[in-house]
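A look at the structure
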Amino acid sequence: MEQFNLHSYDKYLVQFSGGKDSTASFLHLLDEGVPKEKIELWHQEIDARDKTFFDWEVTPDYCRKFAEAFGVKIFFQWKEGGFKREMLRKEEYTAPTHFECIDHSIGKVGGTSGKLSTRWKFPQASPDLKVRWCSSYLKIDVCTSAIVNQERFRGIRTLVISGERGEESARRAKYPVFEPDRADRRNGKQFQRHVDRYRPMRDMKEREVWDIIERYRVRVHPCYYMGWGRCSCKFCIFSRKNQFASAAVVSPAQTRLIIRYEKRFGCTIKRGTDLPSLIHSGTPYKDITPELKALATGRIYTPSVILEEHEEWVLPAGAYGENCGAV
Ligand code: SF4
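How each quantity is defined
- Residues numbered from 1 in each chain as written.
- Predicted model: local features only at pLDDT ≥ 70, side-chain atom pairs only at ≥ 80, totals over all residues.
- Heavy atoms only, no water.
- Helix = DSSP H or I, 4+ residues; strand = E, 2+ residues; numbered from the N terminus.
- Rg over C-alpha atoms; globule rule 2.2 N^0.38 Å.
- Buried < 20%, exposed > 50% of the residue type's maximum accessible area, 1.4 Å probe, protein only.
- Contact = heavy atoms within 4.5 Å.
- Areas by Shrake-Rupley, 256 points an atom, 1.4 Å probe, with all protein chains shown as cover.
- Lys, Arg positive; Asp, Glu negative; His and termini not counted.
- Charge placed at Lys NZ, Arg CZ, Asp CG, Glu CD.
- Near = heavy atom within 4 Å.
- Nonpolar A, V, L, I, M, F, W, Y, C, P; charged D, E, K, R; others polar.
- Core = buried A, V, L, I, M, F, W, Y, C linked by side-chain atoms within 4.5 Å.
- Pairing = 2+ DSSP bridges.
- Axes fitted to C-alpha atoms, helices over the stretch in contact; angles between N-to-C directions.
- UniProt positions renumbered as here; feature names shortened; annotations may be inferred.

Looking at the overall build of the chain
Check the secondary structure of the chain and you find eleven helices and eight strands. Relative to the compact-globule value of 20 Å for 327 residues, the chain shows a C-alpha radius of gyration of 19 Å, a close match. For the chain, the C-alpha atoms occupy an extent of roughly 55 × 55 × 35 Å along the three principal directions. Burial analysis of the chain (327 residues in total) assigns 56% to the buried set. A fraction of 74% describes how many contacts in the chain between residues 6 or more apart in sequence connect residues 24 or more apart. Counting only carbon and sulfur atoms, one obtains 51% of the accessible surface of the chain, whose full area is about 14,700 Å². Here the chain holds 54 positive side-chain charges and 44 negative ones, and the gap between their average locations is 7 Å.

See below:
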């Protein structure tokens with residue numbers, strides 16, 4: 001395999017969830033002197049552009065404001081109907097993928113062929129992406145489709161950067177730091193598309209992640225200040241009881257809706273228990289305030305992403321807290 005040279009690419013696509021690891025991945029590129037004009041933040045919207053069902057309402061706007069604060073471009077991608085439509089599939093094709101193009105028009109692909117299939121259940125908390133379909137269908141495949149269906153990636157070298165850290169799980173610890181990306185087609189007969197994947201955070205410890213975020217004086221996603229240790233979906237299937245109890249405090253209406261779906265499906269998010277039992281056995285985070293709750297569940301992010309000069313950077317309540325068990 002070719003020797004990795006971080007500075008040999010034309011485009012750098014940071015898979016940007018708005019969480020601490022993707023934030024640190026982006027800041028790492030700045031530390032290494034990658035020109036901002038070559039960097040793009042890419043955010044896959046879990047709930048598409050529909051009413052929020054599973055994720056934090058504020059996340060897309062937090063990502064947008066983050067990009068503005070650092071003077072980099074951001075592009076959004078989503079599967080039509082998002083998490084909810086995929087979950088409710090009944091003998092249907094998976095929905096089309098939408099992606100923002102360089103001129104900010106919206107590209108659309110897929111949704112008209114493939115396998116007719118039924119989900120009618122929540123993704124299962126498993127390392128197997130076939131049953132944990134949310135990561136593959138709503139993030140990984142959506143990103144790949146957006147690359148392979150845009151002419152602008154033909155004939156150039158593109159690096160996709162993602163923030164998986166080995167500390168989070170044994171499986172992530174085995175991910176290669178550098179490898180060809182699944183969108184790569186460097187040996188294509190008709191055209192070439194050179195796409196590599198880089199995981200600069202794989203061997204970083206959480207301390208190093210917070211250090212770089214502090215050094216750049218970044219105000220992180222509001223969920224961290226309320227006590228969440230990871231900025232994943234608000235109702236991430238890997239959440240533990242305290243996280244579900246906290247989500248129920250922050251978003252009672254969404255919680256009731258998800259409980260209704262558990263009953264309709266006859267299949268719970270976590271095997272062996274159901275959402276009401278998890279919520280009742282957990283303790284909500286003590287740092288949830290009305291202001292943070294309103295910010296995290298609103299669609300507009302208002303505070304500055306980079307702290308003002310007079311503000312002191314504070315380690316969020318959720319730092320070093322419970323990892324919700326990513327695999
Ligand atoms: S954050 Fe959790 S629920 Fe959301 S896509 Fe990832 S694994 Fe699925």
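On we go.
A look at the site of the ligand
The ligand sits among I46, F54, C134, S135, K139, S232, C233, C236, I237 and F238. Of the residues belonging to the shell around the ligand, the class tally is seven nonpolar, two polar and one charged.

What about the nonpolar core?
Within the largest apolar cluster, 79 residues are counted, with the highest numbers of intra-cluster contacts made by F26, F54, F83 and F122. Dropping the residues within four chain positions of it, F54 is found in contact with D47, F83, F122, C233, K234, F235, C236, I237, Q254, I258 and I269. Counting 13 residues, the second largest nonpolar core, distinct from the first, contains C143, A146, I156 and V195.

What to know about the sheet that holds strand β4 (residues 97–100)
Strand order in the open sheet formed by eight strands is β5-β4-β3-β2-β1-β6-β8-β7, and the pairing between neighbours is mixed. The two strands at the open ends of the sheet, each matched to only one other strand, are β5 (106–109) and β7 (178–180). Within this sheet the neighbouring strands show an average axis-to-axis angle of 25 degrees, counted without direction. Packed on one face of the sheet, helix α1 (residues 20–31) meets β1 (11–15), β2 (39–45), β6 (157–161) and β8 (194–198) and runs near 155 degrees to β1. Each of β2 and β3 (73–79) is contacted by helix α2 (residues 59–70), which is oriented at about 175 degrees to β2, the strand it contacts most.

Considering the pairing of β6
When you tally the buried positions in β6, you get four out of five residues, the bulk of the element. Looking at chain direction, β1 and β6 are connected through four bridges and run parallel. What sits directly across from Y12, in β6, is L159.

Description of the UniProt feature "domain: Phosphoadenosine phosphosulphate reductase" (unreviewed entry) in the chain
On the UniProt side, "domain: Phosphoadenosine phosphosulphate reductase" (unreviewed entry) is annotated at positions that read residues 128–234 here. Along residues 128–234 the backbone is 33% helical and 12% strand, and the end-to-end C-alpha distance reaches 21 Å.

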